[in-house]
Amino acid sequence: MCGICGCDEAVLTEPAAPVHGQHHHHTDGGAVAAGGTRTIELQQKVLAKNDSIAAANRRWLRAHDVAAVNLMSSPGAGKTTLLERTARDLAGQLAISVIEGDQETTLDADRITSAGSAVIQINTGAGCHLDAGMVARGLDALAPPAGSMVMIENVGNLVCPALFDLGEDARVVLGAVTEGADKPRKYPHMFRQADVVMLNKIDLLPYVSFDLDRYLADLRQVAPGARVLRLSATSGDGLDGWYDWLCGHLPAPPE
């Protein structure tokens, strides 16, 4: 977990005793700088607690016949625009509610509300990701109906969100041609966790320097099992594939 962005607020540890004559020493959890903190053990505990809550979220979702998708990307890739378009295009066909994660403001939640979806805003402050406890509170407040879909728009970040199971049914990573083609190589853990990788803003390909072949080759190497979709949330190109996948992940109707 990150030690500078707020994740470590829940990872307060005892100071490590300095080792005379050495800059570093080792514990069972790894190297520790003299005068620093031992964080590995508590990080494991924090993640274990999160996983326990995530498992409870998953049981809740299944018991209520609700599906959940964790949508992750870097800032500006187009998550909110995609959700707005999806809510409007599938109105009357798919009930969508949204857990909106941002560090500050309700700007994105306001956009989702205008698109017709129920939304709960979660502001993380210094934190750079949602965790399972936040999602549990969001589900309780939303009370999504049976047969519906909850979209979890995670905080824009290609690092920390990959570490935290939220109880979701599927993980979707959204990239954009405006970001550059090197993201799967630079952030492999995020892409490796994905069930679907969507490449957004393909309508801008003629106007940006983006090596599509290299991007797809890197994806095949990093995330060979992920489904890859190319689309534009603005122009609508390729959205049918996204909608087909999304509707295919709805919970089965009760017998």
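Below is a short write-up of the structure.

In space, the seven strands of this open sheet follow the order 5-4-6-3-7-8-9, with parallel pairing throughout. Bordering the open sheet on either side are strand 5 (118-123) and strand 9 (227-230), each of which pairs with just one other strand. The average undirected angle you get between the axes of adjacent strands in this sheet is 20°. With five bridges connecting them, strand 4 (residues 96-102) and strand 6 (residues 149-153) associate as parallel partners. In the sheet register, Ser 97 faces strand 6, and the bridge partner there is Val 150.

Turning next to the pairing of strand 8 (residues 196-200). Looking along a regular strand, one sees side chains alternate from face to face of the sheet. Taking burial as the measure, the five residues of strand 8 include five buried ones, the bulk of the element. Across the two faces of strand 8 the burial is the same, with Val 196, Met 198 and Asn 200 and Val 197 and Leu 199 all buried. Bridge count between strand 8 and strand 9: four bridges; the pairing is parallel. Within the sheet, the bridge partner assigned to Leu 199 lies in strand 9 and is Arg 230. Considered for its hand, the β-α-β crossover made up of strand 8, helix 7 (residues 212-222) and strand 9 is right-handed.

What counts as what
- Residues numbered from 1 in each chain as written.
- Predicted model: local features only at pLDDT ≥ 70, side-chain atom pairs only at ≥ 80, totals over all residues.
- Heavy atoms only, no water.
- Pairing = 2+ DSSP bridges.
- Helix = DSSP H or I, 4+ residues; strand = E, 2+ residues; numbered from the N terminus.
- Axes fitted to C-alpha atoms, helices over the stretch in contact; angles between N-to-C directions.
- Buried < 20%, exposed > 50% of the residue type's maximum accessible area, 1.4 Å probe, protein only.
- Right-handed = clockwise from strand over helix to strand, strands pointing away.

Read these as layout, nothing more, since geometry by itself doesn't imply function.
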